There are 2 protein chains.
Amino acid sequence: MKNNCFFCEYKSVAAQKLSKDELESLSPNCLTVKFKRGDSIIRQGTYSTNVAYLKTGLAKIHIDGPYHIQVVRIVKPKNYLGLPTTFGDKINQYSVTAIEECEVCFIDISTFRKLLHSNPEFSNQIIVELCKGELESYQKCVNRTQKQIRGKLADVLLDFADNIFHSDVFTVNITQEDIGNLVDASRESVSRVMAEFVKDGLISMSGKQITILDRKMLASASKNG
Amino acid sequence: MKNNCFFCEYKSVAAQKLSKDELESLSPNCLTVKFKRGDSIIRQGTYSTNVAYLKTGLAKIHIDGPYHIQVVRIVKPKNYLGLPTTFGDKINQYSVTAIEECEVCFIDISTFRKLLHSNPEFSNQIIVELCKGELESYQKCVNRTQKQIRGKLADVLLDFADNIFHSDVFTVNITQEDIGNLVDASRESVSRVMAEFVKDGLISMSGKQITILDRKMLASASKNG
DNA sequence: CCTTTAATGTGATTTATGTCACATTAATTG
DNA sequence: CAATTAATGTGACATAAATCACATTAAAGG
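Definitions and limits used
- Residues numbered from 1 in each chain as written.
- Chains lettered and ligands numbered in written order.
- Predicted model: local features only at pLDDT ≥ 70, side-chain atom pairs only at ≥ 80, totals over all residues.
- Heavy atoms only, no water.
- Helix = DSSP H or I, 4+ residues; strand = E, 2+ residues; numbered from the N terminus.
- Buried < 20%, exposed > 50% of the residue type's maximum accessible area, 1.4 Å probe, protein only.
- Contact = heavy atoms within 4.5 Å.
- Areas by Shrake-Rupley, 256 points an atom, 1.4 Å probe, with all protein chains shown as cover.
- Buried area = accessible area lost by both parts, 1.4 Å probe.
- Salt bridge = Lys/Arg side-chain N within 4 Å of Asp/Glu carboxyl O.
- Polar contact = N/O pair within 3.5 Å; in protein donor to acceptor, adjacent residues only side chain to side chain.
- Nonpolar A, V, L, I, M, F, W, Y, C, P; charged D, E, K, R; others polar.
- Pairing = 2+ DSSP bridges.
- Domains from an automatic or database assignment.
- Arc of directions from axis to C-beta.
- Near = heavy atom within 4 Å.
- Phe/Tyr/Trp six-rings, centres within 6.5 Å; stacked < 30°, edge-to-face > 60°.

## Quick word on the overall build of chain A
Argument step 1. Scanning chain A from terminus to terminus reveals eight helices and 11 strands.
Argument step 2. On the principal axes, the C-alpha backbone points of chain A span a range of 55 × 35 × 30 Å.
Argument step 3. Across the 225 residues of chain A, 52% fall into the buried class.
Argument step 4. Here the analysis covers contacts within chain A between residues at least 6 apart in sequence; of these, 72% occur between residues at least 24 apart.
Argument step 5. As presented, chain A carries roughly 10300 Å² of accessible surface, and 50% of it is formed by carbon and sulfur atoms.

Rendered as structure tokens:
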């Protein structure tokens, strides 16, 4: 699919710093691809040759751990999908998989490098985003390792509502096993705790749709486990 | 203490990309400070006004978690101490503490920004380092959450030997509680497992000095728990 | 639309590791 | 160099959550 980056409605914050000329130099060097649920966008262990940018849909970043997969984070639209894995190592250190229909823009890595080189506003924004990403990953790791399952699940539900769907009613297209891999818990434990939350009136579920009913109680579960 | 960055023998890989002029513009805008064991270099929750760079000594990066402190990583010389916390947020999102005598160079943040802006080689190197840092933190988090204590401790010991001290005999000036916070285990468990490793001949300890005796067994403990 | 496969729910059991409670040893510091 | 204070060692016990083993329900595919 041919791009015209200047008119792209999904530009990243960084790309908004680019001039018309720069955007036009970008157009012939990127390619938008559609993925459907379950499709692999980036595969751990393969060479990374492009910068991937998520235009629409949701994707998960995951790593093969020693015993099971760990879902590192859920990425929402208008975010780069693999900057660390693209610039940190020649070989992808993690995988990215679509969790619903996604449009991903693959940008030629040397073109991206040129932009970093020539436009300091652009590279500054990328640096800021990388820094924020790292802080977030520290924070997530602390939560993952210190809280118990009720707390971790409450966290994830609030994070979905606040930062991804911007609504207390949302439909997550991921399995309980995925959620388990995201919070470091077994699929069975996730099932049990979700049922507990429903029983106690913190949330309701119908199919894959989750409704947050009692934010206060959820926030308290997030704190006190 | 007055600096002359051009002659500084501890320049970072990124700073090695700077011109003589740029280094001389840096000199009046940075300040080297000595810290002793236990001193706080960066404090979580305070404003970050400088980029901190570790010239000598070892430091630990740690975050106040909901229940206890988590040691995120040990930083060795010639590394920036708080790039993510400096550029990702106005307020420091983590603390850094000296674990032995340290020399830290504080660089004025706007000077650092100017260099990022004017020298693409420099900013590129910073980007690469940030990316590597994030990949490493992902990997560490997976290990921390999936392995059991024997495996995690074996990892840390090998990491110390390979990446920090570059020797199988080294003296770590950190307490078992710190090690516990680094691998997410209680101080008691660390003590027990270390004793196990000594008993089984994987390592020996005298005082704070640790000697790795059996790398193979340690590596296998790292894998199989 | 039926059949197969994937996802979820739920009880019983096991287990790694945390917590508590002291004993002991090493470091500080007045 | 006593005298505190900090760090470590070790047993007994408690417990969150994994694992196992099925039952049930939902989704996918021919």
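Additional details are given in the paragraphs that follow.
## Looking at the interface of chain B and chain A
Argument step 1. Counting residues at the interface gives 46 residues for chain B and 45 residues for chain A.
Argument step 2. Between chain B and chain A lies a buried interface of about 4000 Å² when both sides are counted; carbon and sulfur atoms form 66% of it.
Argument step 3. Among the residues chain B hides against chain A, the three largest losses belong to Leu-135, Tyr-138 and Gln-146 of chain B. Together they make up 17% of the total.
Argument step 4. The tally of links from chain B across to chain A stands at two salt bridges.
Argument step 5. Residues Glu-134 of chain B and Arg-73 of chain A are paired through a salt bridge, measuring 3.5 Å at the closest nitrogen-oxygen approach.
Argument step 6. Run the count over chain B and chain A and you get 17 residue pairs in polar contact (both at pLDDT 80 or more).
Argument step 7. Contributions of two or more residues to the side of chain B that touches chain A are made by strand S5 (69-75), helix H2 (83-87), helix H3 (109-118), helix H4 (120-146) and helix H8 (215-224) of chain B.
Argument step 8. Classifying every residue of the side of chain B that touches chain A gives 19 nonpolar, 17 polar and 10 charged.

## Description of the sheet that holds strand S8 (residues 102-108) of chain B
Residue and element names in this part refer to chain B.
Argument step 1. The strand order across the open sheet built from four strands is S1-S8-S3-S6, with neighbouring strands paired in antiparallel fashion. With partners counted over all chains shown, the strands left at the sheet margins are strand S1 (30-35) and strand S6 (79-80), one partner each.
Argument step 2. Where strand S3 (residues 50-56) and S6 come together, two bridges link them in antiparallel fashion. In the strand pairing of S6, Tyr-53 is matched with Tyr-80.

## Considerations on the domain arrangement of chain A
Residue and element names in this part refer to chain A.
Argument step 1. Here chain A is partitioned into domain 1 (5-143) and domain 2 (147-224).
Argument step 2. A C-alpha centroid distance of 27 Å is found between domain 1 and domain 2.
Argument step 3. On the domain 2 side, the residues contacting the 15 residues of domain 1 number 16 residues.
Argument step 4. For the domain 1 face of the interface with domain 2, the top three residues by lost area are Val-71, Ile-74 and Asn-143, together amounting to 36%.
Argument step 5. At the junction of domain 1 and domain 2, the tally comes to one salt bridge.

## Some details on helix H8 (residues 215-224) of chain A
Residue and element names in this part refer to chain A.
Argument step 1. Regarding H8, the residues found buried are Leu-218, Ala-221 and Ser-222. Taken end-on, H8 shows its buried residues confined to a sector of 100 degrees, consistent with a single buried face. With respect to the buried face of H8, the exposed residues turned more than 90 degrees away are Lys-216, Lys-223 and Asn-224.
Argument step 2. Of the surrounding secondary structure, the elements contacted by the buried residues of H8 are helix H5 (149-165), helix H7 (187-199), strand S10 (203-206) and strand S11 (209-212).
Argument step 3. Sitting at the amino-terminal end of H8 is Asp-214, which places a side-chain oxygen 3.2 Å from the backbone nitrogen of Lys-216.

## Some details on the protein's contact with DNA strand C
Argument step 1. The local shell around DNA strand C holds 15 residues, among which Gln-176, Arg-187 and Ser-191 of chain A together with Gln-148 and Ser-189 of chain B are the closest.
Argument step 2. Here DNA strand C approaches the protein such that, of its atoms within 4 Å, sugar and phosphate make up 56%.
Argument step 3. Lys-208 of chain A places a side-chain nitrogen or oxygen 3.0 Å from a phosphate oxygen of DNA strand C.
Argument step 4. Ile-149 of chain B has a polar backbone atom sitting 3.1 Å from a phosphate oxygen of DNA strand C.

## Looking at the packing of aromatic side chains
All names here are of chain A.
Argument step 1. Per the counting criterion, the structure on display carries 20 aromatic pairs over all chains.
Argument step 2. Taking 4.9 Å as the distance between ring centres and 55 degrees as the angle between the ring planes, the aromatic pair formed by Tyr-53 and Tyr-80 counts as tilted. Here the residue Tyr-53 occupies a position in strand S3 (residues 50-56), and Tyr-80 occupies one in strand S6 (residues 79-80), the gap between them amounting to 27 residues.
Argument step 3. Taking the relative accessible area as the measure of exposure, Tyr-53 reaches 5% and is therefore buried.
Argument step 4. Overall, the relative accessible area of 12% leaves Tyr-80 in the buried class.
Argument step 5. Seen from their ring centres, Tyr-80 and Phe-112 are 5.7 Å apart, and the 75 degrees between their planes marks the pair as edge-to-face.

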